[in-house]
Amino acid sequence: MTTDPNPSDERTARTDEQRDEQSTDANGAGAAEAANGVGAAEAADGAGAAEAANGAEAADGAERSDDGPEIVDGRTIEHLLTDHERDIAATAEGTDATAAKRPSLDLPRLELGRRDFMKAGAAVGAMSGLAGCTSILADDEGDDSGGAAASGDHSVAPGEHDEYYGFLSGGHTGEIRVVGIPSMRELMRIPVFQTESARGFGHDAKSSAILEEGGGYTWGDTHHPRVSQTDNDYDGRWLFVNDKANGRMARVDLKYFETDAITNVPNSQAVHGACMQLPDTQLVFGVGEFRVPMPNDGRDVDDPDAYGSVLTAIDPETMDVEWQVEVDGNMDNGDGGKEGRWFFATGYNSEEGVTEGEMARSDRDYVKAFDIPAIWDAVEAGEYEEISGVPVVDGTMESSLNEGDRPIVRYVATPKSPHGVSVTPNGDYAIASGKLDPSCTVIDVEAIAEVDDPQDAIVGQPRIGMGPLHTAYDGRGHAYTTTFIDSEVVKWDYEAAVEAEAGSEEPVVDRHDVHYNPGHLIASESYTASPQGDYLISLNKLSKDRFLPVGPIHPENDQLFHIGDDDAGLELIKDKPSYPEPHDASIVHKDKIEPAKTWDPADYELDYVAEGEESIERIDDSTVEIEMWARRNQYAFPDVTVQEGDEVTIRISNVETTSDVIHSIAIPEYDVNLALAPQDTREVTFTADQPGVYWAYCAYFCSALHLEMRSRILVEPQD
Ligand code: CUK
Ligand code: CUA
């Protein structure tokens, strides 16, 4: 850790200067404006006027509308968002995107640079529809939208292995996808919150119980897959992922690439951010998003003031909820400091509204810095209320626990609705992305504990572009931020941002168009203390015209960049269409994951059924237990006879020891379907309520006699 134990006076002093400068704006309204004051700062130091000279409007460039602060030429973020929505609508309604790429002759702004075009486009309504689709014009670096050759060879030949595992969330498919990087080949899918038949998830007793104990929902919305760490490096043990929809946290065992626990988080809807206390995964955090009554049992249904949202701390071993902290406002994303003390969460809706208009009214929201040891102290001192069986500590602004010299939550005001937050690899800074503000906010992690006013921990506020969402790192001092509205990945130097004036674009060293409208991005091992700094994936929400059309629901576009050569800059290597919809990813070097080749029966709670140990036992009038095995190309029993109405339990082992020889047992009309990796044992129970003959068969193509691998289930009618 290289964090300076004494926060630099210089930084603090300069921040004060910046704030003073910002508050010289006549329209300033105290701290809220100062935190938000990128536009104001530009106007004050004359840069705004210089910029305005390029655009359509000049002297009134600093004019504010009721919609909020001016961003570009008198237009507010609301205007630009409206333009962006229109752009998306035009594409969706069949406007030929290729035609749109052909510059029309009556658009004299074509020779303008890309950013000038942005401004001109915003000022002139006719062009504004294209504002979100910046790649339609050649940029300074030339048109690389066809996938220009990047320096070096990043191909992976047939039969060769990739360098990295990429773990992508699957959004509302409820799953995790595993891809190889740099090939972007999809290697596996891991069902998490949904039933899935190829892997039999939610079909056998064990995975059904996981889903049932996890609340019994049939779907989830995975956003943030994070791999466990030891000493700030991936240990390859687990992957944790949130369910934004039903407020849950799941754990995936990376020995078997299988979900092994789901925790249904109480007092919370929409567990959004997911990450952990570092350096050693001491806790897993779920960041509560939607505010609800606590407990949500019918009380206070129409009293939004009484709603709350919580940060939830989960023990990674037991997956039990340890405690929760209630805070003001919505929360959004989160990330842990590298040193174990601080956890950061962004938020929106400090207004605590319930409509879109109410939620985006205020010019500032907060990054909340949670002091984890102080929270533990409060829990151990009994300073909590137990709600739904969980200790809930009061971390709201008025809480007595936030008075005194060791507040449990520090509220750092940042511009309007910050979205992503991530801590730099050296642990020095937490960087929050503005979403509805063009800046990122650099917070000095060490200073959080020292400053009287949390605002003073803000040491940089570079202007990044329109709609900054998420930030990743290369380990060489660069941050890479996606801009949703500009459709770019912006590379910037975060130490330079600390040196620069607030609102300065100077820290930006490179920017590259992406296609289109990126959400998260991830660089290899970016969430550790030592990112590899070679690859980066931009997870783009829209693909528009990039692939063969496949009907009205488009794939997303995950674009792979090589970022290892600072002279060459960001080099686009490939587009990969993605089924909806990855939000976030973790990229882990292949040497840090050790997947099992076959099951170790010691890892499974059920007794293995070896050849010769098979049995069919009638327990009572209506209960039958079958223990059997599968191997090429047969089951232990060619047929099994039961009586109509019997409750039948089948425990079955795949006795193969050869890796990749997978069997399954599927029983038509009884909704049974178990997948069995070598040495695996699974169990299923069903009620044989339909008399008849049912061919149990193996659904995995396991050998030349795979189709013959069958067994008859004879259900005799009751007379
Ligand atoms: S969120 Cu989806 S793009 Cu859930 Cu991390 Cu930002
Ligand atoms: Cu076993 Cu097919």
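Residues numbered from 1 in each chain as written. Chains lettered and ligands numbered in written order. Predicted model: local features only at pLDDT ≥ 70, side-chain atom pairs only at ≥ 80, totals over all residues. Heavy atoms only, no water.

Glancing now at the pairing of strand β38 (residues 663-667). The two faces of a sheet get side chains in turn, since along a regular strand they alternate between them. The buried fraction of β38 amounts to five of the five residues, a majority that puts the element mostly inside the structure. Of the two faces of β38, both are covered, the one formed by H663, I665 and I667 as well as the one formed by S664 and A666. Summarising the sheet, β38 and strand β39 (residues 672-676) pair through five bridges and their orientation is antiparallel. Counterpart to I665 in the pairing with β39 is L674. Where β38 folds back onto β39 in an antiparallel hairpin, the turn is made up of four residues, including E669, whose phi is positive at roughly 70°. (Buried < 20%, exposed > 50% of the residue type's maximum accessible area, 1.4 Å probe, protein only. Helix = DSSP H or I, 4+ residues; strand = E, 2+ residues; numbered from the N terminus. Pairing = 2+ DSSP bridges.)

Our next topic: the site of ligand 1. Neighbouring ligand 1 are H223, H224, H272, N333, H419, H470, G519, H520, K541 and H583. Looking at side-chain class alone, the shell around ligand 1 contains no nonpolar, nine polar and one charged residues. (Near = heavy atom within 4 Å. Nonpolar A, V, L, I, M, F, W, Y, C, P; charged D, E, K, R; others polar.)

Turning to its location among the elements, N673 is positioned in strand β39. Distance from N673 to R199, taken between C-alpha atoms, is 8.8 Å for residues 474 residues apart in sequence. Each residue touching N673, except ones within four places of it in the same chain, is listed here: S197, G200, H203, S664, I665 and A666. In this structure the side chain of N673 is engaged in a polar contact, spanning 2.8 Å, whose partner is the backbone oxygen of S197. (Contact = heavy atoms within 4.5 Å. Polar contact = N/O pair within 3.5 Å; in protein donor to acceptor, adjacent residues only side chain to side chain.)

Attention now goes to the packing of aromatic side chains. Going through the model one piece at a time under the given rule, you end up with 16 aromatic pairs. Between the aromatic rings of Y165 and F167, the centroid separation amounts to 6.0 Å while the plane-to-plane angle is 15°, which identifies the pairing as stacked. Each member of the pair, Y165 as well as F167, carries the same accessibility label: buried. Ring geometry for F285 against F343: centres 4.4 Å apart, planes inclined by 40°, an arrangement best described as tilted. One end of the pair, F285, is in strand β11 (residues 284-290); the other, F343, is in strand β15 (residues 342-345), and 58 residues separate them in sequence. The class for F343 is buried, based on a relative accessible area of 0%. Through pairs of rings, three or more aromatic residues link up here, namely F285, W323, F343, F370 and W376. Between K544 and the ring centre of Y516, over which it is positioned, the NZ or CZ distance is 4.7 Å. (Phe/Tyr/Trp six-rings, centres within 6.5 Å; stacked < 30°, edge-to-face > 60°. Lys NZ or Arg CZ within 6 Å of the ring centre and 35° of its normal.)

This next bit is on the confidence of the model for the chain. On average, the chain scores 84 in pLDDT, and the residues at 70 or more come to 79%. Low pLDDT (under 50) marks residues 1-67, which in the prediction has 96 contacts with non-local residues, meaning those over four places away or in another chain. Predicted confidence for residues 91-149 stays below pLDDT 50, and this span has 81 contacts to residues more than four positions away or in other chains. (pLDDT = per-residue confidence, 0-100.)

Judged by pairing direction, the sheet is antiparallel, and its four strands sit side by side in the order β6-β7-β8-β9 without closing on themselves. One side of each edge strand has no neighbouring strand; the edge strands of this open sheet are β6 (226-230) and β9 (258-264). Here the strands of the sheet are splayed against their neighbours by 30° on average, with no regard to which way each runs. Examined bridge by bridge, strand β8 (residues 248-253) and β9 share six bridges and lie antiparallel to one another. (Axes fitted to C-alpha atoms, helices over the stretch in contact; angles between N-to-C directions.)

Here we take up empty space enclosed by the protein. In the structure shown here, the tally under the stated rule is six cavities of 30 Å³ or more. There is about 70 Å³ of room inside the second largest cavity. Around the second largest cavity, the lining residues are R226, N333, G334, G420, V421, S422, H470, T471, H520, L521 and Y527. Counting residues per element, the ones that place at least two in the lining of the second largest cavity are β20 (421-423), β24 (468-473) and β28 (518-523). Here the residues of the lining of the second largest cavity sort into three nonpolar, seven polar and one charged. (1 Å grid on protein atoms, 1.4 Å probe; cavity = no way out; pocket = protein on both sides within 12 Å on 5 of 7 lines; lining within 4 Å. Points joined across faces, edges and corners; volume = space filled by probe spheres on them.)

By the definition in use, this model includes 34 salt bridges. Residue E186 is joined to R189 by a salt bridge in which the shortest nitrogen-to-oxygen separation is 2.7 Å. The class of E186 is partly exposed, set by a relative accessible area of 36%. For K491, the salt bridge is made with D566, and the minimal N-O distance between the two is 2.6 Å. Here D566 lies in the loop between β30 (556-562) and β31 (571-578) and K491 lies in strand β26 (residues 488-493), a separation of 75 residues in the sequence. (Salt bridge = Lys/Arg side-chain N within 4 Å of Asp/Glu carboxyl O.)

Further remarks concern helix α11 (residues 372-380). Along α11, the positions that sit buried rather than exposed are I372, A374, I375, A378 and V379. Buried residues of α11, viewed axially, fall in a sector of 160°; they line one side. If you follow the buried residues of α11, they end up packed against β11, β13 (321-327), β15, β16 (364-371) and β18 (390-394). Positive backbone phi, approximately 75°, marks G382, located one or two places after α11. (Arc of directions from axis to C-beta.)

What follows deals with the layout of surface pockets. Estimates place the volume of the largest pocket at around 1,200 Å³. Contributing elements (two or more residues each) for the lining of the largest pocket: β3 (164-169), β5 (186-191), β9 and β39. For the lining of the largest pocket, the leading source of residues is β5, giving four residues. Class assignment for the residues of the lining of the largest pocket results in 19 nonpolar, seven polar and 11 charged. The residues that make up the lining of the largest pocket include at least three from each of domain 2 (201-592) and domain 3 (602-716). (Domains from an automatic or database assignment.)

Reading across from one edge, β20-β21-β22-β23 is the order of the four strands in this open sheet, with antiparallel pairing throughout. Unpaired on one side and paired on the other, β20 and β23 (458-460) mark the two borders of the sheet. The mean inter-strand angle of the sheet, taken between neighbouring strand axes irrespective of direction, is 30°. Both strand β22 (residues 440-444) and β23 contribute to a ladder of two bridges, which runs antiparallel. Note on β23: the bridge partner recorded for I443 is I458.

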